[in-house]
Amino acid sequence: MSQAQIYIEKSTVKIPLLNFTLAAGFPRPSDDYLRKRLDPKDLLEINPSTTFYMRISGNGWSEYGIHDGDHVVIDRSIPPSHGRIAVVTYAGNFTIRQIGKVGDRLFFLERDNNLNLVPIEPEGDVEIWGIISFGIHRF
Amino acid sequence: MESIDSNKNRIFALVDVNNFYVSCERLFRPDLKGKAVIVMSNNDGCAVSRSEEAKALGIKMGMPVFQAKEILGNKELITLSSNYTVYGDISSRFQEVLETLCSDVEVYSIDECFLELTHMAKAKKDLREFAKEIKARVEQWLGLPVCVGIGSTKTLAKVANYLAKEDKSKQGIFLIGQDTEAILTKVPINEIWGIGPAYQSLLASIGVSNAWEFSQLRKNWIRKNMTVVGLRTAYELCGYACYEIDDVPQTKKEIVVARAFGERIHDLDSLIEATCTYLTRAVEKLWREERYARTLTIYIRTDPFKTDEKQYSQSVRVQIPVATRDLFELQNYCIQALKQIYRSDFLYKKSGVMLSALVNEDQIQKDLFYGDSDDRITEAVVGINNRYYTGKIRTAITGFGKRSWRMRRDTISPYFTSNWKDIPVISVDHFMQKDI
């Protein structure tokens, strides 16, 4: 492959008269008080490396404050514990379960049969994907 | 002798994500679990990442997709276009999670990191337990399966990682301790970091086929025949650390964006459209690295696989008067360069852009007759594209029509972590139905 060298001239050449700006006047004293504006990320992303966002479709969990169309913040670094609401995978889809603790063991609380306890198994049908840390609801 | 001693008794780990691209896809697509899945290269050509199920069906790395489909017959194979936006995000998270466990982390590639664990070894921490902790944390926090290899040099850590992958009984963790002979005898020479095919056949010609035999060769011979790089590899296999953890990532010497077109193109306008699009990507990278370029190289070529057709390839280098990162200035050079090398009697398959002779702002050599370039518009373009998505705002020359040259990515998955419209959906309707 041969390398052709070309030099392209700009059609117009700007010649600066003064190539720097002059500072004049007194610096604004308020600059000392400048703070970064509030960023909701600081609230929602406790551990940004392990935070993910998903959207809710359906009203199956509205009594828990999770409504159709809401966004949920999921932090995978939160360990599952009693009362936590988790995003789980089931039959190739994402859905939601609540976690309960009886004695030393963690269970999924299946609400369709009035509090049925389903043991959490490492390779079970239902697997924990991550714990929901916040819900974002539009009013 | 102090320097040699300080290179002894070091401990390094290499943590590597298994089937990285497929693992990233599976994180957001639970329906891919247990299935034969491959992620394809640019333009959906070859398999570049394979699930264990796909490997078990005989699909090899780099195999063309049509061939993979042939092998499988009517068995199901899921083929996904590569989605580097998602993989890049997960890769940075991977590095960040490792940094929660160890302060000396070097990103070696998109799916591999080196860790220095010397201080842990000195504090008599159980390294196998620590490897388990790394594995468990990355799997739980990011859903990525990893292998951990540990050894007293980076080269040995890489060997250990290879063995952790090869031997399924090791559950993804392998430590090379004192007894290296038995281990290295089992490692073929081509698996050693830095030994390519040329050295491999050289070594084969003198009867060396495994890592142990290589490490026992006379150092003079290695120095003479395999340069100082080969010598370092040999020392590393003997347990003397020659490579340190690079905790500061090397700043790039050049930025290249080159892609094959989805469909071959003939006319100059399309060639300009495509190449200026690649230039925009390159300029975005330039801004990200906070650098300025002094040289722009443009190249175009026909399809070398069409052996029955006339071939043409040409490149042109533009020396820029004053190092710049102004998209419009560079685009102007790019178009003029393309006009110079374009020949109308060919079908083009690929073009590329390289920005080189990169400098920092304080290294720019100004020119008396050449004013400061005004790159505020470029800054706005780059800023908007970073905030929304790449290509949200672009120059008119990059085209609004069919853009048939665009990369074929027929089965690309959504941008799960970078676009609000693309985030995964949790479906909670079926629960209601059961309730009723």
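Bear in mind the structure is a predicted one, so any value in this text is a computation, not a measurement. (Residues numbered from 1 in each chain as written. Chains lettered and ligands numbered in written order. Predicted model: local features only at pLDDT ≥ 70, side-chain atom pairs only at ≥ 80, totals over all residues. Heavy atoms only, no water.)

**Student:** Is there a simple way to think about the pairing of strand S4 (residues 85-90) of chain A in this case?
**Tutor:** Each regular strand carries side chains that alternate between the two faces of the sheet. Residues and elements named next belong to chain A. With 5 of its 6 residues buried, S4 lies for the most part within the structure. Taken together, the 5 bridges between S4 and strand S8 (residues 126-136) define a ladder with antiparallel strand orientation. Residue pairing in the sheet places Tyr 90 in a bridge with Val 126 of S8. (Buried < 20%, exposed > 50% of the residue type's maximum accessible area, 1.4 Å probe, protein only. Helix = DSSP H or I, 4+ residues; strand = E, 2+ residues; numbered from the N terminus. Pairing = 2+ DSSP bridges.)

**Student:** Whenever I open this one, the sheet that holds strand S1 (residues 12-17) of chain B confuses me. Can you help?
**Tutor:** Residues and elements named next belong to chain B. The strand order across the open sheet built from 5 strands is S5-S6-S1-S7-S8, with neighbouring strands paired in mixed fashion. Of all strands in the sheet, those bounded by a partner on one side alone are strand S5 (105-109) and strand S8 (173-175). For this sheet the average axis-to-axis angle between neighbouring strands, irrespective of direction, equals 15 degrees. Here 6 bridges tie S1 to strand S7 (residues 146-151), and the two strands are oriented antiparallel to one another. Residue Val 17 lies in a different strand from S7, and its bridge partner there is Val 146. This element, helix H5 (residues 84-99), spans S1, S5, strand S6 (112-116) and S7 of the sheet and lies at about 15 degrees to S6. (Axes fitted to C-alpha atoms, helices over the stretch in contact; angles between N-to-C directions. Contact = heavy atoms within 4.5 Å.)

**Student:** Looking at this structure, I do not really get the sheet that holds strand S13 (residues 425-427) of chain B. What am I missing?
**Tutor:** Sheet strands line up and pair through hydrogen bonds in the backbone, either parallel or antiparallel. Pairing is mixed in the open sheet, where 8 strands are placed in the order S7(A)-S6(A)-S5(A)-S4(A)-S8(A)-S3(A)-S2(A)-S13(B). Of all strands in the sheet, those with a lone pairing partner are strand S7 (116-119) of chain A together with S13 of chain B, marking the two edges. The sheet shows a mean angle of 50 degrees between the axes of neighbouring strands, direction not considered.

**Student:** Whenever I open this one, the pattern of salt bridges confuses me. Can you help?
**Tutor:** Residues and elements named next belong to chain B. Counted by the stated rule, this structure contains 16 salt bridges over all chains. Residue Lys 132 pairs with Glu 129 through a salt bridge whose shortest N-O separation is 3.5 Å. Here Glu 129 and Lys 132 lie together in helix H7 (residues 127-142), a separation of 3 residues that amounts to about one turn. For Glu 129, a relative accessible area of 42% corresponds to the partly exposed category. In this structure, Glu 139 and Lys 135 form a salt bridge, with 3.1 Å as the shortest nitrogen-oxygen distance. With Glu 139 and Lys 135 both in helix H7, this residue pair falls 4 residues apart, about one helical turn. In this structure, a network of salt bridges that share partners links the residues Arg 10, Glu 116 and Glu 244. (Salt bridge = Lys/Arg side-chain N within 4 Å of Asp/Glu carboxyl O.)

**Student:** Sorry, what's going on with the environment of Glu 166 of chain B here?
**Tutor:** Residue and element names in this part refer to chain B. Tracing the backbone shows Glu 166 in helix H8 (residues 154-166). Take Glu 166: its relative accessible area is 52%, and that puts it in the exposed class. Between the C-alpha atom of Glu 166 and that of Thr 118, which follows or precedes it by 48 residues, the distance is 26 Å.

**Student:** How should I be thinking about the UniProt feature "domain: UmuC" (unreviewed entry) in chain B in this particular structure?
**Tutor:** Summarizing the sequence annotation, UniProt attributes the feature "domain: UmuC" (unreviewed entry) to residues 12-196 of chain B in the numbering used throughout. As annotated, residues 12-196 of chain B has a helix share of 42% and a strand share of 20%, and its two end C-alpha atoms lie 23 Å apart. (UniProt positions renumbered as here; feature names shortened; annotations may be inferred.)

**Student:** What exactly am I supposed to notice about unusual backbone geometry here?
**Tutor:** Negative phi is the rule for most residues except glycine; trans is the rule for most peptide bonds. Despite not being glycine, Ala 91 of chain A has its phi angle at roughly 50 degrees, a positive value. Tracing the chain through its elements places Ala 91 of chain A in the loop between S4 and strand S5 (93-102). Phi at Gln 171 of chain B is positive, roughly 55 degrees, even though this residue is not glycine. Of note, Gln 171 of chain B is situated in the loop between H8 and S8.

**Student:** Can you help me understand the nonpolar core in this one?
**Tutor:** Across soluble globular proteins, nonpolar side chains have a tendency to be buried as a group. Residues and elements named next belong to chain B. Within the largest apolar cluster, 56 residues are counted, with the highest numbers of intra-cluster contacts made by Phe 94, Leu 115 and Leu 117. No other element matches H7, which puts 7 residues into this core. When residues no more than four places from it in sequence are discounted, the contact partners of Leu 115 are Ile 11, Phe 12, Ala 13, Val 15, Leu 98, Cys 102, Asp 104, Val 105, Ile 134 and Ile 245. Leu 271, Leu 279, Leu 296 and Ile 341 belong to the second-largest nonpolar core, a separate cluster that totals 38 residues. (Core = buried A, V, L, I, M, F, W, Y, C linked by side-chain atoms within 4.5 Å.)

**Student:** Any chance you could explain helix H15 (residues 376-387) of chain B here in plain terms?
**Tutor:** Residue and element names in this part refer to chain B. With 12 residues, H15 extends 16 Å from end C-alpha to end C-alpha; this agrees with the ideal 16 Å at 1.5 Å per step. Residues of H15 that are buried: Thr 378, Val 381, Val 382 and Asn 385. Across the axial projection of H15, the buried residues extend over an arc of 95 degrees, all falling on one side. Opposite the buried face of H15, by more than 90 degrees, sit the exposed residues Arg 376 and Arg 387. In the core, the buried residues of H15 are packed alongside helix H13 (268-288) and helix H14 (327-341). (Expected span 1.5 Å × (residues − 1). Arc of directions from axis to C-beta.)

**Student:** Even after reading the chapter, I still don't get the environment of Leu 44 of chain A, so can you show me in this structure?
**Tutor:** Residue and element names in this part refer to chain A. When you line up the elements, Leu 44 lands in helix H1 (residues 40-44). In the structure, Leu 44 is positioned 41 residues away from Ile 85 in sequence and 16 Å away in space, judged by C-alpha atoms. Apart from the residues within four sequence positions on either side, Leu 44 is in contact with Thr 51, Tyr 53, Val 73, Ser 133, Phe 134 and Ile 136.

**Student:** Can you help me understand the confidence of the model for chain B in this one?
**Tutor:** Detailed reading of the predicted coordinates is not advisable wherever pLDDT is low. All names here are of chain B. Scored by pLDDT, chain B comes out at a mean of 88, with 93% of its residues at no less than 70. Counted against residues more than four places away or in other chains, residues 432-436, with its pLDDT under 50, gives 5 contacts. Under the prediction, the complex receives an ipTM of 0.79, its pTM being 0.78. (pLDDT = per-residue confidence, 0-100.)

**Student:** It is not clear to me how H7 of chain B should be interpreted in this structure. Could you clarify?
**Tutor:** In an α-helix, one full turn covers 3.6 residues, which means residues spaced three or four apart are oriented alike. All names here are of chain B. Relative to the 22 Å expected for 16 residues at 1.5 Å per residue, H7 spans 22 Å between its end C-alpha atoms, a close match to the ideal helical length. If you check which residues of H7 are buried, you get Leu 127, Phe 130, Ala 131, Ile 134, Lys 135, Val 138, Trp 141 and Leu 142. Considered in projection along H7, the buried side chains sweep an arc of 160 degrees and stay on one side of the axis. Of the residues that open H7, the one with a side-chain oxygen 2.9 Å from the backbone nitrogen of Arg 128 is Asp 126. Just past H7, the residue Gly 143 takes up positive phi, approximately 70 degrees. (Polar contact = N/O pair within 3.5 Å; in protein donor to acceptor, adjacent residues only side chain to side chain.)

**Student:** Please clarify how the confidence of the model for chain A should be interpreted in this entry.
**Tutor:** Residue and element names in this part refer to chain A. With 73% of its residues at a pLDDT of at least 70, chain A reaches an overall mean of 82. Mean pLDDT across the elements of chain A ranges from a minimum in strand S1 (residues 3-6), with 48, to a maximum in strand S3 (residues 71-75), with 98. Low pLDDT, under 50, characterises residues 1-5; the predicted model gives this stretch 12 contacts beyond four residues in sequence or across chains. In this model, residues 8-19 is a region of pLDDT below 50 whose contacts with residues beyond four sequence positions or in other chains number 16 contacts.

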